[in-house]
Amino acid sequence: MSVHIEAKKGEIAETVLLPGDPLRAKWIAETFFENPICFNKIRGMLGFTGTYKGKPISVMGTGMGVPSISIYAHELITEYGVKNLIRVGSAGSYQTEIKIRDIVLAMAASSNSGINELRFGGADFAPTASFELFQKAVETAKTKNIKIKAGNIFTSDEFYADDFESYKKWSKFGVLCVEMETAGLYTIAAKHNVNALSILTISDSLVTGERTTSAERETTFKGMIEIALELA
Ligand SMILES: O=P(O)(O)O[C@H]1O[C@H](CO)[C@@H](O)[C@H]1O
Ligand SMILES: O=c1cc[nH]c(=O)[nH]1
């Protein structure tokens, strides 16, 4: 048991899928895992372990934002020996050619979060994906005939920005989409020398104003889960 997770040692697999939404974690476990068992209910942050094609795998919600995912990533790695942390999240598109329901692999995460400024005394740290997981995800998507896009994404501390137009600067520099956790996840994984990858599905577009419903965000983003499951 750690501060925020009530699982016993050995109850969490080496590979954990990490959606922000705990109900997406429940849906993933019930839809894709064989014999899922719930290992965490603390703070309603549901976590499950089961198997997929006979291999152990876990899924757990992270909550929203860098501080929340950083707490869970830290405890999963240091208390439970987790080696592969795969975020399966939703994101808002920053580019005309990145459409609703497109899947984006985050190669790196730019951010306005203060965590790394704090950590590195004002210098920049570039949080990047695990090459091994990234390569495996690209190969899996190819095999399954699932289209993906990959590149730099933006991890924001704000969902509701004061200046809506501010996204255009990032868009101009080729950043593909925005979400709220990846820079934190990649940094904690780097610190502990384990693997992390964020696989994102576009839920809305800042360019066109289109958006999916909350129900869709909870349960219908199957393509990214099908890729993530093969990374165990
Ligand atoms: O769908 P999830 O994984 O929660 O990800 C995105 O959705 C939340 C905002 O609605 C933030 O957590 C953002 O990163
Ligand atoms: O963080 C997020 C997630 C989805 N869409 C956004 O605009 N922001």
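Reading the values: the criteria
Residues numbered from 1 in each chain as written. Chains lettered and ligands numbered in written order. Predicted model: local features only at pLDDT ≥ 70, side-chain atom pairs only at ≥ 80, totals over all residues. Heavy atoms only, no water. Helix = DSSP H or I, 4+ residues; strand = E, 2+ residues; numbered from the N terminus. Rg over C-alpha atoms; globule rule 2.2 N^0.38 Å. Areas by Shrake-Rupley, 256 points an atom, 1.4 Å probe, with all protein chains shown as cover. Lys, Arg positive; Asp, Glu negative; His and termini not counted. Charge placed at Lys NZ, Arg CZ, Asp CG, Glu CD. Patch = residues over 30% accessible without salt bridge, like charges linked within 9 Å, V, L, I, M, F, W, Y side chains within 5 Å. Salt bridge = Lys/Arg side-chain N within 4 Å of Asp/Glu carboxyl O. Near = heavy atom within 4 Å. Polar contact = N/O pair within 3.5 Å; in protein donor to acceptor, adjacent residues only side chain to side chain. Buried < 20%, exposed > 50% of the residue type's maximum accessible area, 1.4 Å probe, protein only. Contact = heavy atoms within 4.5 Å. Axes fitted to C-alpha atoms, helices over the stretch in contact; angles between N-to-C directions. Parallel < 35°, antiparallel > 145°, perpendicular 65-115°, else oblique. Left-handed = near helix turned anticlockwise from the far one by under 90°. Nonpolar A, V, L, I, M, F, W, Y, C, P; charged D, E, K, R; others polar.

S.K.: Honestly, the overall build of the chain in this entry has me stumped. Any pointers?
M.R.: Helices and strands together make up the secondary structure of the chain, namely 8 helices and 9 strands. What you see for the chain is a C-alpha radius of gyration of 16 Å, in line with the 17 Å of a compact globule of 232 residues. Along the first, second and third principal axes, the C-alpha set of the chain runs to 45 × 45 × 30 Å. If you sum the accessible surface of the chain, you get close to 11,000 Å²; carbon and sulfur atoms cover 54% of it. Charge centroids of the chain, computed over 25 positive and 27 negative side chains, lie 4 Å from each other.

S.K.: Sorry, what's going on with a negative patch on the surface here?
M.R.: Negative charge collects at one region of the surface, where Asp157, Glu158, Asp162 and Asp163 lie side by side. Tracing the backbone shows Asp163 in the loop between β7 (149–155) and α5 (167–172).

S.K.: Looking at this model, I keep getting lost on the site of ligand 2. Mind explaining?
M.R.: The environment of ligand 2 is made up of Ser90, Ala91, Gly92, Phe159, Val178, Glu179, Met180, Ser203, Asp204 and Leu206. Taking Gly92, its main chain carries an N or O atom lying 3.3 Å from a nitrogen atom of ligand 2. Taking Asp204, its side chain carries an N or O atom lying 2.8 Å from a nitrogen atom of ligand 2. Taken by itself ligand 2 offers 240 Å² of open surface, and the protein chains cover 89% of this. Going through the elements one at a time, β5 (84–93), β8 (177–179) and β9 (195–205) are the ones with two or more residues in the shell around ligand 2. No other element matches the 3 residues that β5 contributes to the shell around ligand 2.

S.K.: Is there a simple way to think about the pattern of salt bridges in this case?
M.R.: Opposite charge on two side chains permits them to pair, given that their charged atoms come into close proximity. The tally for this structure, following the rule as stated, stands at 9 salt bridges. A salt bridge links Glu11 to Lys8; the nearest nitrogen and oxygen atoms lie 4.0 Å apart. Given the relative accessible area of 58%, Lys8 is considered exposed. When the shortest N-O distance is used, the salt bridge between Lys26 and Glu30 registers 3.3 Å.

S.K.: Help me understand the site of ligand 1, please; the structure alone is not making it clear to me.
M.R.: For ligand 1, the full set of nearby residues is Gly20, Arg24, Met64, Arg87, Gly89, Ser90, Phe159, Glu179, Met180 and Glu181. Arg24 is positioned with one of its side-chain polar atoms (N or O) 2.7 Å from an oxygen atom of ligand 1. Look at ligand 1: alone it shows 340 Å² of surface, and the protein chains cover 88% of it. Here the element with the most residues in the shell around ligand 1 is β5; it accounts for 3 residues.

S.K.: What exactly am I supposed to notice about the side chain of Ser156 here?
M.R.: The topology assignment puts Ser156 in the loop between β7 and α5. In terms of polar contacts, Ser156 uses its side chain to reach the backbone carbonyl oxygen of Glu158, at 2.9 Å.

S.K.: It is not clear to me how the side chain of Asp102 should be interpreted in this structure. Could you clarify?
M.R.: Looking at the element boundaries, Asp102 is found in the loop between β5 and β6 (103–111). A polar contact is formed between the side chain of Asp102 and the side chain of Lys149, at a distance of 2.9 Å. Setting aside its immediate chain neighbours within four residues, Asp102 contacts Glu97, Lys149, Leu200, Thr201 and Ile202.

S.K.: Please explain the packing of helix α1 (residues 22–32) against helix α8 (residues 222–229) as it appears in this structure.
M.R.: Interhelical geometry of α1 versus α8 gives an angle of 65° and a closest axis separation of 12 Å. In this view, α1 runs roughly perpendicular relative to α8, as classed from their interaxial angle. Pair α1 / α8 crosses with right-handed handedness. Residue-level inspection shows Trp27, Ile28 and Phe32 of α1 in contact with α8, the latter providing Lys222, Ile225, Glu226 and Leu229. Residue classes in the contact of α1 with α8 are distributed as 5 nonpolar, no polar and 2 charged.

S.K.: I tried to follow the environment of Lys53 on my own but got confused; where do I start?
M.R.: Within the secondary structure, Lys53 is located in the loop between β3 (47–52) and β4 (55–60). For Lys53 and Phe33, which are 20 residues apart along the polypeptide, the C-alpha to C-alpha distance reads 8.5 Å. Excluding residues that lie within four positions of it along the chain, Lys53 makes contacts with Glu34 and Glu230. A polar contact of 2.7 Å, which involves the side chain of Lys53, links it to the side chain of Glu230.

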